[in-house]
Amino acid sequence: MIAGTLAKIDRGDFAPADIIEREVAVIGGGAAGSHAAVRIREYHRKSVVIIEKEANLGGHVNTYTDPTTGKVHDYGVAMYFPYEDALDFFTWMNVNISLTSPGGQNNPIRYADFSTGRELANYSAIEAQQGLAAIQKFVEITTEKGYDKMVQPGYFNLPAGKAIPEDLLLPVGEFVKKYDIQAMLPFIYPSTGGGVGSRGDFNKLLTLTLMKAFPPGWAKAYLGQLPLYAVDGGNQRLYDEIATLMRRDVLYSSVVIESSRAQGNIQLVTQSRSDGKKKLILAKKLLIAVPPTRENLAPFDLDEAERAHFSKAKYGRSHTALVSHSKLPEAANIRNTPESAVQSPIAPFLQTPFVMGFTYANDLAPARVHQISVSGDNYTAFDEAAAQAAVQQALENLAKGGTIPDLEGEKVKVVAWSDHGPGGFGVSAEDMRAGWMEDMYKLQGRRGTWYTGGGLGADFTTMLWKLNDAVLGGLVKAAV
Ligand SMILES: Cc1cc2nc3c(=O)[nH]c(=O)nc-3n(C[C@H](O)[C@H](O)[C@H](O)COP(=O)(O)OP(=O)(O)OC[C@H]3O[C@@H](n4cnc5c(N)ncnc54)[C@H](O)[C@@H]3O)c2cc1C
């Protein structure tokens, strides 16, 4: 064994061309990991390598290009709102952005219960004015009480476990009742992916978890008080530019299969998912920018404390897609809404798994395509096949219930599909009180490892880029 390597990984097992030495290794090339790697190399002037399991960068970004018309539609990350100076990153990357608005919003909406298939003829959603006033009040309350600073961009200012404000650990249902802002719920439900990336009934979620998916900064954008932008030509362009810039500093279609981590001495064995080839990465520091699930962290040589810590987080799983079916209405949306919402419009919550709705993609017309999101609460089981079965079932139910015509045996056609994997990261009130978040921040830098990304902050790109700036400040300064 060569000096400087830890016991279990032997440098001698790798040809020199398969050994990559860098200051920092970044796991995951999504919104957080890609941005962090650019900042580390170009701003902090440290060498870096990204290990990304897919064949491209961008994570939740999905840009579809219609092969016939060349029209482009983002069916994953759709838009960006300003947060501090985060949008400057687009300028720095020389990527043009333009004002945009949420897709499909001008289409008429029909409400139907996708489990019975029946249209809710007597359903009148809460007046937009009432819903928007409630969201405005939510912004005022969270700002006045300083909750905005506790939850965005990361949780640096969240008080220690026992001192976390009671409000933040209330279930959402109790929080909105306390402040008489229940009318916001049906409005924010679809925007949070249906109860924060797939958990269905968001009355049961913690307000703190809700604020990851609906932080006050995003609420302002939702109210139209902040502009929304998208990248000209599709959001994937930014990540393609990053890929061009980072060139050989990215290992695509690769995952870590074995590692050892110590202060100043990170060793990772990666394996290509395409040709099975292994490489050895020797780095001084490690930045984990993937959801910290048990599976993602398994190869990272966790010690008992780390394992216990990360096992407490819960996740759902969601998919987004573009689908077509000739029986779906053109230029109209169908929103999945339980029949119980006729009596209780403030609680249009769905049982998982669910399809949130069929939203007509106007920008792809004349192609007749609807955008969907599908969510389940078991992130290991709710795979693409299970999600596609849920879509077909929803259509069959809608036909049986008379909302759409008989399917005549026609199956749903998948135009584009993206499995967004585990999301909706949340920890119980009890664990939060016991100091889970303090412990999370104490892990920053331990064993040469830092963490960033959607699990660790408000789950929006521009906020994560500012979270990165804070995390990287610590990472770069840390002695090795
Ligand atoms: C459907 C959807 C729509 C959204 N829309 C918006 C929006 O319009 N605006 C907005 O600001 N935010 C939006 N968000 C939230 C935004 O996508 C997240 O805040 C952001 O993508 C999180 O970035 P991340 O880098 O933490 O994770 P991700 O973007 O998920 O990146 C993680 C990366 O790591 C890779 N990876 C995963 N596991 C491994 C592994 N074991 N080894 C190596 N690589 C791995 C993944 O392939 C991925 O590239 C949306 C999210 C979803 C799911």
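Every chain's residues receive numbers from 1 upward, in the order its sequence appears when written. The predicted nature of this model means local features are confined to residues of pLDDT at least 70 and side-chain atom pairs, given and counted, to a pLDDT of 80 or more, with totals for whole chains, interfaces and linings taken over all residues. For side-chain calculations, the full set of non-hydrogen atoms in the structure is used, while hydrogens and water are omitted.

Student: So what exactly am I meant to see when it comes to the overall build of the protein here?
Tutor: Counting from the N terminus, the helices are the DSSP runs of H or I reaching at least four residues and the strands are the DSSP runs of E reaching at least two. The helix and strand inventory of the protein stands at 16 helices and 18 strands. A globule of 480 residues ought to have a C-alpha radius of gyration of about 23 Å, and the protein, at 23 Å, matches this closely. In terms of overall dimensions, the protein has C-alpha extents of about 75 × 55 × 40 Å along its principal axes. The buried label applies to any residue whose accessible area, calculated with a 1.4 Å probe on protein chains only, is under 20% of its type's maximum; exposed applies above 50%, and partly exposed to all values in between. Burial statistics for the protein: of 480 residues in total, 53% are counted as buried. Put simply, 74% of the contacts in the protein that link residues at least 6 apart link residues at least 24 apart. All accessibility values rest on the Shrake-Rupley procedure with a 1.4 Å probe; residue burial counts only the protein chains present in the view. In the structure as shown, the protein presents an accessible area of about 20300 Å², 49% of it carried by carbon and sulfur atoms. Restricting the calculation to C-alpha atoms gives the radius of gyration, and the globule rule supplies 2.2 Å times the number of residues raised to the power 0.38. Only heavy atoms matter for contacts: two residues are in contact if any of them lie within 4.5 Å across the pair.

Student: Explain the packing of aromatic side chains to me, please; I cannot follow it from the model alone.
Tutor: Both the distance between ring centres and the angle between the ring planes are used here to describe each pair of aromatic rings. Here a pair means two rings of Phe, Tyr or Trp (six-membered ring of Trp) with centres within 6.5 Å. Their orientation is stacked below 30 degrees between planes, edge-to-face above 60, and tilted elsewhere. A full pass over the atoms with the stated rule returns 18 aromatic pairs. Seen in terms of ring centroids, Phe-138 and Phe-175 are 6.5 Å apart; in terms of plane orientation they differ by 85°. Their pairing is edge-to-face. One end of the pair, Phe-138, is in helix 3 (residues 128-144); the other, Phe-175, is in helix 5 (residues 172-178), and 37 residues separate them in sequence. Here Phe-138 falls in the buried class, since its relative accessible area comes to 0%. Taking relative accessible area as the criterion, Phe-175 reaches 1% and is therefore assigned buried. Aromatic rings pair up to connect Phe-81, Phe-138, Phe-175, Tyr-179, Phe-214, Trp-218, Tyr-222 and Phe-460 into one cluster. Over a ring means this: the NZ of a Lys or the CZ of an Arg is within 6 Å of the ring centre and within 35 degrees of the ring normal. Geometry around Tyr-43 places Arg-39 over its ring, the cationic atom sitting 4.5 Å from the centre.

Student: Looking at this model, I keep getting lost on the site of the ligand. Mind explaining?
Tutor: Taken together, 30 residues lie near the ligand, and Ala-32, Glu-52, Met-79, Gly-454 and Asp-459 sit nearest. Ala-32 is positioned with one of its backbone polar atoms (N or O) 2.8 Å from an oxygen atom of the ligand. The term polar contact refers here to a pair of N or O atoms within 3.5 Å; inside protein, the definition further demands a hydrogen-donor-capable atom paired with an acceptor-capable atom, and it admits residues adjacent in sequence only when both atoms are side-chain atoms. In this structure, Met-79 approaches the ligand through a main-chain N or O atom, which is 2.6 Å from a nitrogen atom. Protein coverage of the free-state accessible area of the ligand, which is 990 Å², stands at 85%. For the shell around the ligand, the elements supplying multiple residues, two or more each, are helix 1 (31-43), strand 9 (254-262) and helix 16 (461-477). Near, as used in this document, describes a residue that has one of its heavy atoms within 4 Å of the molecule or strand being considered.

Student: Sorry if this is basic, but what is going on with the packing of helix 1 against helix 10 (residues 236-246) here?
Tutor: Helix packing for two helices is described by the angle between their axes and how far apart those axes are. Note on geometry: axes are lines fitted to C-alpha atoms, helical ones only across the stretch in contact, with angles between N-to-C directions running from 0 to 180 degrees. Relative to each other, helix 1 and helix 10 sit at 40°, their axes nearing to 11 Å. In this structure, helix 1 crosses over helix 10, and the sense of that crossing is left-handed. Between helix 1, through Ala-31, Ser-34, Ala-37, Val-38, Arg-41 and Glu-42, and helix 10, the contact on the second element is made entirely by Tyr-239, Ile-242, Leu-245 and Met-246. Three classes are used: nonpolar for Ala, Val, Leu, Ile, Met, Phe, Trp, Tyr, Cys and Pro, charged for Asp, Glu, Lys and Arg, and polar for all others, with Gly counted as polar. Of the residues belonging to the contact of helix 1 with helix 10, the class tally is seven nonpolar, one polar and two charged. In a left-handed crossing the near helix is turned counterclockwise from the far helix by less than a right angle, and in a right-handed crossing that turn is clockwise.

Student: So what exactly am I meant to see when it comes to helix 13 (residues 384-400) here?
Tutor: An α-helix turns once every 3.6 residues. As a result, residues three or four positions apart point the same way. Helices are assigned an expected span. That span is 1.5 Å times one less than the residue count. A rise of 1.5 Å per residue sets the reference length of helix 13, with its 17 residues, at 24 Å; its end C-alpha atoms lie 24 Å apart and thus fit the reference within 8%. Here helix 13 has its buried residues at Ala-387, Ala-390, Val-391, Gln-392, Ala-394, Leu-395, Asn-397, Leu-398 and Ala-399. Structurally, helix 13 contributes buried residues whose contacts are with strand 6 (109-112), strand 12 (314-324), strand 14 (354-355), strand 15 (357-360), strand 16 (370-376) and strand 17 (413-426). Trailing helix 13 by a residue or two, Gly-402 shows a phi angle of about 85°, which is positive.

Student: Whenever I open this one, the nonpolar core confuses me. Can you help?
Tutor: Generally speaking, nonpolar side chains in soluble globular proteins are found buried as a group. Residues belong to one nonpolar core when they are buried, are Ala, Val, Leu, Ile, Met, Phe, Trp, Tyr or Cys, and are joined through side-chain atoms within 4.5 Å. Formed by 111 residues in total, the largest nonpolar core has its most connected members in Leu-268 and Leu-287. In terms of residues, this core owes the most to one element, helix 16, which gives seven residues. The residues contacting Leu-287, other than those within four sequence positions of it, are Val-24, Ala-25, Val-26, Ile-27, Ala-36, Ile-40, Trp-450, Tyr-451, Thr-452, Val-471, Leu-472 and Leu-475. Ranked by size, the runner-up nonpolar core spans 22 residues in total, among them Ala-112, Ile-334, Ile-372 and Ala-387.

Student: Is there a simple way to think about the environment of Tyr-123 in this case?
Tutor: By the secondary structure assignment, Tyr-123 is in the loop between strand 6 and helix 3. Residue Tyr-123 is classed as buried on the basis of its relative accessible area, which comes to 10%. Spatially, the C-alpha atoms of Tyr-123 and Glu-339 are 8.5 Å apart, while their sequence positions differ by 216 residues. Residues within four places of Tyr-123 in sequence aside, it is in contact with Tyr-111, Thr-337, Ala-341, Val-342 and Pro-345.

Student: Just to check I follow, could you spell out helix 10 for this structure?
Tutor: Of all the residues in helix 10, the buried ones are Gln-236, Leu-238, Tyr-239, Ile-242 and Met-246. Taken down its axis, helix 10 places every buried residue within 155° of arc, on the same side. Working note: the arc is built from the helix axis to C-beta atom directions.

Student: Explain the pattern of salt bridges to me, please; I cannot follow it from the model alone.
Tutor: Between side chains of opposite charge, a pair can form when the charged atoms approach closely. For this analysis, a salt bridge means a side-chain nitrogen from Lys or Arg found within 4 Å of a carboxyl oxygen belonging to Asp or Glu. Considering all chains together, one arrives at 28 salt bridges under this definition. In this structure, Glu-306 and Arg-447 form a salt bridge, with 2.8 Å as the shortest nitrogen-oxygen distance. Of the two residues, Glu-306 is situated in helix 12 (residues 304-310) and Arg-447 in the loop between helix 15 (436-443) and strand 18 (449-451); the sequence distance between them amounts to 141 residues. Like Arg-447, Glu-306 is buried. Across the salt bridge formed by Lys-466 and Asp-469, the nearest N and O atoms sit 3.0 Å from each other. With Lys-466 and Asp-469 both in helix 16 and three residues apart, the pair spans about one turn of that helix. Judged by relative accessible area, which is 24%, Asp-469 ranks as partly exposed. Salt bridges linked by common partners bring Arg-261, Asp-301, Asp-303, Glu-306, Arg-446 and Arg-447 together as one network.

Student: I would appreciate a short explanation of the confidence of the model for the protein in the present structure.
Tutor: Note that predicted coordinates carrying low pLDDT should not be read in detail. Scored from 0 to 100, pLDDT reflects the predictor's confidence in each residue. Residues with a pLDDT of 70 or more make up 96% of the protein, whose mean pLDDT is 93. The low-confidence segment residues 1-5 (pLDDT under 50) makes nine contacts with residues lying over four places distant or belonging to another chain.

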